[in-house]
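As a plain string of letters, each chain reads:
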Amino acid sequence: MDQNACTNPQSPTTGVTPFSDPLAGVATPSYKTCTSWSTLNISSTRTISPDTYCGGISINGGTVTLNPGLYVMNGGGTSITDLGKGVTIFNTGAVSGSGGYRGIKITGGSTATLSAPTDTSNGGIVGILFFEDRNVSWSAVGSSQTSQITGGSNTSLVGALYFPTTTLTYSGGSSLTAWTDIVAYQLQVTGPSWINDNYSLSSGYSPIHTAALTE
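Residues numbered from 1 in each chain as written. Predicted model: local features only at pLDDT ≥ 70, side-chain atom pairs only at ≥ 80, totals over all residues. Heavy atoms only, no water.

A. Representation of the overall build of the protein within the structure. Helix and strand counts for the protein come out as 1 helix and 15 strands. Counting every position in the protein, which comprises 215 residues, the buried fraction comes to 45%. Sequence-distant contacts, at least 24 apart, represent 46% of the contacts inside the protein between residues at least 6 apart. As presented, the protein carries roughly 10700 Å² of accessible surface, and 50% of it is formed by carbon and sulfur atoms. (Helix = DSSP H or I, 4+ residues; strand = E, 2+ residues; numbered from the N terminus. Buried < 20%, exposed > 50% of the residue type's maximum accessible area, 1.4 Å probe, protein only. Contact = heavy atoms within 4.5 Å. Areas by Shrake-Rupley, 256 points an atom, 1.4 Å probe, with all protein chains shown as cover.)

B. Looking closely at the pattern of salt bridges. The full count for this structure, using the stated rule, is 1 salt bridge. Across the pair Asp 51 and Lys 32 runs a salt bridge, and its minimum N-O distance is 2.8 Å. Taken together, the residues span a long stretch of sequence, with Asp 51 in the loop between β2 (46–48) and β3 (52–54) and Lys 32 in the segment before β1 (40–42) at a distance of 19 residues. Among the residues examined, Asp 51 registers a relative accessible area of 33% and is labelled partly exposed. (Salt bridge = Lys/Arg side-chain N within 4 Å of Asp/Glu carboxyl O.)

C. Quick look at the nonpolar core. With 25 residues, the main nonpolar core has Phe 130 and Leu 161 as its most contacted residues. The greatest single-element share of this core, amounting to 5 residues, is contributed by strand β14 (residues 156–172). Beyond its immediate chain neighbours, meaning those up to four positions away, Leu 161 contacts Leu 129, Phe 130, Ile 149, Leu 168, Tyr 170, Thr 180, Asp 181, Ile 182 and Val 183. Within the second largest apolar cluster, 11 residues are counted, among which are Val 72, Phe 90, Ala 160 and Ile 208. (Core = buried A, V, L, I, M, F, W, Y, C linked by side-chain atoms within 4.5 Å.)

D. Representation of the packing of aromatic side chains in the model. All told, the structure shown has 5 aromatic pairs when counted by the stated rule. Look at Tyr 31 and Phe 90: their rings are 5.6 Å apart centre to centre, the planes differ by 40°, and that puts the pair in the tilted class. Of this pair, Tyr 31 sits in the segment before β1 while Phe 90 sits in strand β9 (residues 87–92), and the two are 59 residues apart along the sequence. Classification of Tyr 31 by relative accessible area gives partly exposed; the value is 34%. Residue class for Phe 90 comes out buried when judged on its relative accessible area of 0%. Among the aromatic residues, those joined into a ring-pair cluster are Tyr 31, Phe 90, Phe 131 and Tyr 162. (Phe/Tyr/Trp six-rings, centres within 6.5 Å; stacked < 30°, edge-to-face > 60°.)

Interpretation in functional terms is not warranted from these geometric data alone.
Okay, here's the thing in structure tokens:
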């Protein structure tokens, strides 16, 4: 949906009855415990594989390919700017300290092409691209650790962006992206933004089958 393409906008409907988290039934993945933390900084072309990254990943250059599967960011968050097909990125962390929770960051002129798994063959979660740990407390991390997806027209994110307890700032996205589901405790949409819903290309693996915009 391009917010600039709406030539006959309708007045918003208020007083909508709240409904429960549509992804509440998706099980939290298991992952390895971290005893020390160090962010993986990448500035060259390379391929990485599913694992628990104690301290998260920061990509500062090069072309980085993510092999299919489940990536766990235990503290440190993620700043990803390139290619990954069939991946789930699970984001967790402590309240503070070296293993402290950090948000997902795709910003600036990033070229990020990421898609969720279509099956469970590689250990990912079908249809879910970003999965924030439900145990992360908004009251603990607050607005200081929001997630930002502002990659512009070169960013294609196919799958569900699930941030059940924190804020997601969303701006940009590509008109070529087939579909994107967003579930967030707070959602801030800024600038020209695309949120597409061409589920005919999803082969039935979208985790949400009833859509609504609520506050």
